[in-house]
Amino acid sequence: HCQYDPSTVTALAGAHNKAVSESTQQRKQLNKFLRNPDYRPLIIANDIAIVGWAEPMTPTAYVVPLPVPPKANAEWLENNLAVRVCGSGNIAYPNTNYPNELYCVDTKIVDVETCNSRNAYNGSILPGMFCAGEWPNGGKDACQGDSGGPVVATINGEKHIIGATSWGQGCEIGRAHV
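Structure report, in brief. Along each chain, the written sequence defines residue order, and numbers are assigned to residues from 1. Side-chain atom pairs in this predicted model are given and counted only at pLDDT of 80 or more, local residue features only at pLDDT of at least 70, and totals for whole chains, interfaces and linings cover all residues. To obtain the side-chain values, all non-hydrogen atoms of the structure were included, while hydrogens and water were left out.

## Quick word on the nonpolar core
In these notes, a set of buried Ala, Val, Leu, Ile, Met, Phe, Trp, Tyr and Cys residues joined through side-chain atoms within 4.5 Å is what counts as a nonpolar core. Here's how the labels work: a residue is buried when its accessible area is under 20% of the maximum for its type, exposed when over 50%, partly exposed in between, all with a 1.4 Å probe on protein chains only. In this structure, Leu77, Leu81, Val83, Val85, Val105, Ile109, Ala142, Val151, Ala153, Ile155 and Ile162 together form the largest nonpolar core, which totals 11 residues. The numbering of helices and of strands both runs from the N terminus, where a helix is a DSSP run of H or I of at least 4 residues and a strand a run of E of at least 2. Counting residues per element, the ones that place at least two in this core are β4 (82–87), β5 (103–110) and β7 (150–155). It is β7 that provides the largest number of residues to this core, a total of 3 residues. In terms of nonpolar packing, the next biggest core, distinct from the first, is built from 6 residues, Ala11, Ala13, Leu30 and Met57 among them.

Below, the structure written as structure tokens:
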């Protein structure tokens with residue numbers, strides 16, 4: 001849902017504070033921004049894009065590529081699987097405070113059946129989507145401006161990027177500055 005002309009976007013890796021020039025940072029101009037052709041904005045289905053840049057990032061201790069998990073054909077994320085969600089989105093909901101620093105929250109996968117219940121997302125979680133949070137108490141969540149940020153899980157002892165933040169209802173701010 002956040003698609004831009006690639007000439008207007010710079011990728012930033014290895015940053016802790018995007019407003020400060022840190023020696024660990026790498027900035028690269030995007031040259032590709034391809035939204036999934038099956039994206040459906042009314043139901044927020046297939047909300048994923050591929051970005052590319054002319055020069056690759058250089059792997060360092062601060063810029064680490066993460067693999068995707070092995071292919072799975074069904075809903076494969078286990079209930080209560082620990083995940084980390086990161087971004088620079090709003091940290092003061094329902095007010096507004098967009099930080100320059102990266103914030104993360106450690107939370108867990110909530111099974112699709114629970115997320116699709118009437119007192120949660122009422123059937124809005126479609127195949128290929130997943131929920132993460134602290135059900136039913138709340139308190140840990142992503143927020144506006146975190147879209148596109150990584151969702152990471154350790155699977156078989158190895159960190160994998162399992163998805164990207166897309167949407168939710170409200171925000172349960174409980175993220176920590178990292």
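## Quick word on the environment of Asp5
Note that Asp5 resides in the segment before β1 (10–13). Exposure remark for Asp5: the relative accessible area of 44% places this residue in the partly exposed category. Each C-alpha atom, one on Asp5 and one on Gly89, is 21 Å from the other, the two residues being 84 residues apart in sequence. Under this definition, polar contacts are N or O atom pairs within 3.5 Å; protein pairs additionally need one hydrogen-donor-capable and one acceptor-capable atom, and for neighbouring residues in sequence, both atoms have to be side-chain atoms. At a separation of 2.8 Å, a polar atom in the side chain of Asp5 contacts the side chain of Ser7.

## Side note on the state of the cysteines
Throughout, a disulfide means two cysteine sulfur atoms within 2.5 Å of one another. Going through the model one piece at a time under the given rule, you end up with 3 disulfides. Two residues, Cys86 and Cys104, share a disulfide whose sulfurs are 2.0 Å apart. Handedness here is read from the sign of the S-S torsion; for Cys86 and Cys104, about 105 degrees, the answer is right-handed. Of this pair, Cys86 sits in strand β4 while Cys104 sits in strand β5, and the two are 18 residues apart along the sequence. When its relative accessible area of 5% is taken as the criterion, Cys104 is described as buried. Along the protein, the cysteines engaged in disulfide bonds are linked according to the scheme 1-2, 3-4, 5-6 when indexed in sequence order. With no disulfide partner, Cys2 has as its closest neighbouring cysteine sulfur the one in Cys143, 13 Å distant.

## With respect to the pairing of β4
For a regular strand, side-chain orientation follows a simple rule: the groups alternate between the two sheet faces. Two elements, β4 and β5, share 6 bridges in a ladder whose sense is antiparallel. Across the sheet, residue Arg84 finds its bridge partner in β5, namely Asp106. Any two strands are treated as partners once DSSP identifies two or more bridges connecting them. Sheet topology note: the β4/β7 ladder contains 3 bridges and is antiparallel. The residue of β7 that forms the bridge with Arg84 is Val152.

## Description of the packing of aromatic side chains
The pairing test for Phe, Tyr and Trp rings, Trp by its six-membered ring, is centres within 6.5 Å, and the orientation test on the planes gives stacked under 30 degrees, edge-to-face over 60, and tilted for anything in between. For the structure shown, the criterion picks out 2 aromatic pairs. Between Tyr4 and Phe33, the ring centres sit 6.4 Å apart and the planes meet at 70 degrees, which makes this aromatic pair edge-to-face. With a gap of 29 residues between them, Tyr4 in the segment before β1 and Phe33 in strand β2 (residues 26–35) connect regions that are remote in the sequence. Seen from their ring centres, Tyr121 and Trp167 are 5.2 Å apart, and the 85 degrees between their planes marks the pair as edge-to-face. Taken together, the residues Tyr121 in the loop between α1 (112–115) and β6 (131–132) and Trp167 in the loop between β8 (158–164) and β9 (176–177) connect sequence positions 46 residues apart.

## Some thoughts on unusual backbone geometry
Residue Pro94 is bonded to the preceding Tyr93 through a cis peptide linkage, with omega at 10 degrees. For Pro94, the location among the structural elements is in the loop between β4 and β5. In this structure, the amide linkage connecting Trp135 to the following residue, Pro136, adopts the cis form with an omega of 0 degrees. With respect to the helices and strands, the residue Pro136 is situated in the loop between β6 and β7. Of note in the backbone geometry, Asn122 takes a positive phi value of approximately 50 degrees without being a glycine. Residue position: Asn122 is located in the loop between α1 and β6.

Geometric descriptors of this kind do not, in isolation, establish any biological role.
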